[in-house]
Amino acid sequence: MRFRSFTGAAHFCYTHINVKILFCSSEVTPYAKTGGLADVSSALPAELNRQGIDCEVIMPLYGSVRSMDLPLEHVTDLSFLCGSGMLHAQIFRYGIVNFIENTLFFKRDGVYTYAGDDYPDNLERFSFFSRACAEYLLHRRDIDIIHCNDWQTALVPAYIREMGIEDISSLFTIHNLAYQGSYHPSLWNILMLPRDYYSPEYLEFFGRINVLKAGLIFSDGVNTVSPTYAREIQTPEFGAGLDGLLRSISFKLSGITNGIDIEAWNPSSDPLIASQFSITDLSGKEDCKTHLQNLFNLTPGNKPLFGMIGRLVEQKGIDLVLSSARDMVNLGCQVVILGNGDPTYEKKLAEITRVYRDNIGSHIGFDETLAHAIEAGSDFFLMPSRFEPCGLNQMISMRLGTIPIVTAVGGLKDTVVAYQEGEHPWGLRVKRPTTEALLTTVRTAHTLYTSRPDLLRQLRINAMAQDVSWTCSAQRYAELYTNLKDFKERTR
Ligand code: ADP
């Protein structure tokens, strides 16, 4: 088959591999989601299976899963020593997803937090989960590759090694280096790892336990979610203190750009948007915009509408958007923001919305339906991130004909060709993560909207023409899995 890459170059994808993957994640759509990891954990395994690669998923059985009332099939029970003594896990299964049940750790409303604060026993919860995944491998014996994701599952490769499991390869994916699982050394015993691993060569990091380091050190392969981010994290600017370690493992470190679920985000069939539209008939997008203006009680009319969705944290540049908001309104723009996170930004956002309520709308919380309405109804999508491992929202925007406004970092650099930067562009670039640079780009967007409607329409069409599916990226994972399996077989 033939696919277009982000650069527009054509290349081929082949699938001839015989590996069995267990994809280990702390969040998976639709069972539990706080961010992009959940989307990746459902869409990548689904695409691998579609391409004929056997991939199962394993995640905790949170309260949110229980309340879905799924017809879960009981698979097995596991008992093992963990930090606080002998612990028990029940494994259930639904479709390709295995769920690990321990009511003490997972029968809660939140995934990581309650009322904005981390659960105090997160180290215990996720070392239990990681240990249970490793124990489950002993039960299964048919798995070739365990694919771990972020710090919550970074201990799995260490446990595999300690348990003497030698025939299974491990891949560790960094979805965001900013979250490393940093804990006080007094909690070391929870990990059930040898004491001498609490040293700078292993899991110690400036006097604290660093769980993520286990994934980097003990995995057979490490990757991150875009080629640019894979390079960036090896520099002091983006390495979050781990750039030295990452450079030292560069021989096993690569970057594979995420895709999105193009069926969940399909403007021509999405039941969650006001009016369907497509690359050949964009008229429904206007209805979506009117619907969005109505949802947030914005003044109806012909102003450029800028959407933003995501965690309200400094990484995403929400502070830059908030400090630009007044100027944007004065320029004649409208803004709609959906998100939650840092209470300071939540409060500021609520205040600004109150002052400029005719032109700024916001919702603080997590709301899938609203996310679809914003992606479909906005003219432009704001992502002035300070760093961005991959970012999914810019690709979702592209799929829905909404022009992404992005900085030149990580996956935003790899997935967006910006106006005046290349042929057939579909985005706008913010040169630096500053308020001034953001406002400069917003002015360009405003001018395009008011004076160059034909060019804007062409950018939308270019955006919608990009292949943002998982097809080719899943193929790259398949190649990586094959290489890891071959290497293991050769070196055993
Ligand atoms: P992150 O750094 O949070 O993983 P991504 O852009 O990679 O950022 O992915 C975020 C995903 O979560 C996207 O699918 C986005 O639409 C969704 N999302 C984030 N915040 C919200 C929210 N408040 N409500 C609904 N969806 C959200």
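Keep in mind that what you see is a predicted model, and the values were worked out from it rather than measured. (Residues numbered from 1 in each chain as written. Predicted model: local features only at pLDDT ≥ 70, side-chain atom pairs only at ≥ 80, totals over all residues. Heavy atoms only, no water.)

(A) A look at the environment of serine 469. Secondary-structure assignment places serine 469 in the loop between α16 (453-465) and α17 (471-491). As for serine 469 and glycine 259, which are separated by 210 residues in sequence, their C-alpha atoms are 4.9 Å apart. There is a polar contact of 2.7 Å between the side chain of serine 469 and the side chain of aspartate 467. Polar side-chain contacts of serine 469 include one of 2.9 Å to the side chain of threonine 471. (Helix = DSSP H or I, 4+ residues; strand = E, 2+ residues; numbered from the N terminus. Polar contact = N/O pair within 3.5 Å; in protein donor to acceptor, adjacent residues only side chain to side chain.)

(B) Highlighting the pattern of salt bridges. Counted by the stated rule, this structure contains 20 salt bridges. Ionic pairing is found between glutamate 47 and arginine 50, a salt bridge with its closest N-O pair at 2.8 Å. One end of the pair is glutamate 47 and the other is arginine 50, both in helix α1 (residues 36-50) and three residues apart, which spans about a single turn. According to the relative accessible area criterion, glutamate 47 is buried, its value standing at 9%. Close ionic contact of arginine 247 with aspartate 243 constitutes a salt bridge, the shortest N to O distance being 3.1 Å. Of this pair, arginine 247 and aspartate 243 both sit in helix α8 (residues 243-248), four residues apart, which is roughly one turn of the helix. In the salt-bridge network here, residues are joined through shared partners; they are Lys20, Asp54, Glu56, Arg93, Arg140 and Asp142. (Salt bridge = Lys/Arg side-chain N within 4 Å of Asp/Glu carboxyl O. Buried < 20%, exposed > 50% of the residue type's maximum accessible area, 1.4 Å probe, protein only.)

(C) Just the sheet that holds strand β14 (residues 208-210), in detail. Across the sheet, three strands lie side by side as β12-β14-β13; this open sheet has antiparallel pairing. Where the open sheet ends on each side, the last strands, each with one partner, are β12 (182-183) and β13 (204-205). Pairing of β12 with β14, which is carried by two bridges, proceeds in the antiparallel orientation. By the bridge assignment for β14, serine 182 is matched with asparagine 210. (Pairing = 2+ DSSP bridges.)

(D) Structural detail: the nonpolar core. In this structure, Leu216 and Tyr481 are the most contacted members of the largest nonpolar core, which totals 93 residues. Of the residues forming this core, the biggest block, nine residues, is contributed by helix α4 (residues 122-140). The residues contacting leucine 216, other than those within four sequence positions of it, are Phe172, Ile174, Val222, Leu242, Leu245, Leu246, Ile249 and Lys252. Counting residues in hydrophobic clusters, the runner-up holds 36 residues, among them Leu298, Leu370, Ile396 and Trp426. (Core = buried A, V, L, I, M, F, W, Y, C linked by side-chain atoms within 4.5 Å. Contact = heavy atoms within 4.5 Å.)

(E) Local environment of the site of the ligand. Close contacts around the ligand come from 18 residues, with Gly36, Asp39, Arg311, Lys316 and Gly365 the closest. Between the ligand and glycine 365, the relevant distance is 2.7 Å, taken from a nitrogen atom to a main-chain nitrogen or oxygen of the residue. Elements with a contribution of two residues or more to the shell around the ligand: α1, β17 (305-312), β18 (334-341) and α13 (393-399). Looking at the shell around the ligand element by element, the count peaks at three residues for β17. Among the residues forming the shell around the ligand, the class breakdown is six nonpolar, seven polar and five charged. Structurally, the shell around the ligand is a two-domain feature, drawing no fewer than three residues from each of domain 1 (20-259 + 471-491) and domain 2 (283-464). (Near = heavy atom within 4 Å. Nonpolar A, V, L, I, M, F, W, Y, C, P; charged D, E, K, R; others polar. Domains from an automatic or database assignment.)

(F) Structural context of the sheet that holds strand β7 (residues 97-101). A sheet is described by the order of its strands in space; here nine strands give the open sequence β5-β6-β7-β4-β3-β10-β11-β15-β16, paired in mixed fashion. Looking along the sheet, the strands with just one partner apiece sit at the ends: β5 (73-82) and β16 (253-255). Adjacent strand axes in the sheet meet at a mean angle of 25° when their direction is disregarded. Packing against the sheet, α4 makes contact with β3 (20-24), β4 (54-60), β5, β6 (85-94), β7 and β10 (145-149), and its axis sits at approximately 115° to β5. Here α17 sits on the sheet and contacts β3, β10, β11 (169-174), β15 (221-224) and β16; the angle it forms with β11, its principal contact strand, is near 145°. (Axes fitted to C-alpha atoms, helices over the stretch in contact; angles between N-to-C directions.)

(G) Geometry of the pairing of strand β21 (residues 403-407). Across the five residues that make up β21, a large majority, five, are buried. Burial along β21 is two-sided: Ile403, Ile405 and Thr407 facing one way and Pro404 and Val406 facing the other are all buried. Pairing of strand β20 (residues 380-383) with β21 involves four bridges; the strand directions are parallel. Bridging from a neighbouring strand, methionine 383 pairs with valine 406 of β21. Once the chain exits β20 it traverses α13 before rejoining the sheet at β21, and the crossover so formed is right-handed. Sheet topology places β21 next to strand β22 (residues 428-430); three bridges connect them, and they run parallel. Across the sheet, the residue bridging to valine 406 is arginine 429, located in β22. (Right-handed = clockwise from strand over helix to strand, strands pointing away.)

(H) Structural detail: the environment of phenylalanine 296. Position of phenylalanine 296 relative to the elements: it lies in the loop between α9 (283-295) and β17. Phenylalanine 296 sits 86 residues away from asparagine 210 along the chain, and the two C-alpha atoms are 43 Å apart. Beyond its immediate chain neighbours, meaning those up to four positions away, phenylalanine 296 contacts Val336, Arg357, Gly361, Ser362, His363 and Leu370.

(I) Quick look at the domain arrangement of the chain. Segmentation of the chain into domains returns domain 1 (20-259 + 471-491) and domain 2 (283-464). Centre-to-centre separation of domain 1 and domain 2, based on C-alpha positions: 32 Å. The partner domain 2 presents 17 residues to the 18 residues of domain 1 that form the contact. Here domain 1 is connected to domain 2 by one salt bridge. Put simply, lysine 33 and glutamate 368 hold a salt bridge, and the shortest N to O gap is 3.7 Å.

(J) Main features of unusual backbone geometry. Each neighbour pair has its own omega, and for threonine 29 with proline 30 the value is 10°, a cis peptide bond. Examined against the element boundaries, proline 30 turns out to sit in the loop between β3 and α1. In the Ramachandran plot, aspartate 150 falls in the positive-phi region, its phi being about 65° despite a non-glycine side chain. Positive phi, normally seen in glycine, also occurs at asparagine 297, with a value near 55°. Structurally, asparagine 297 can be placed in the loop between α9 and β17.

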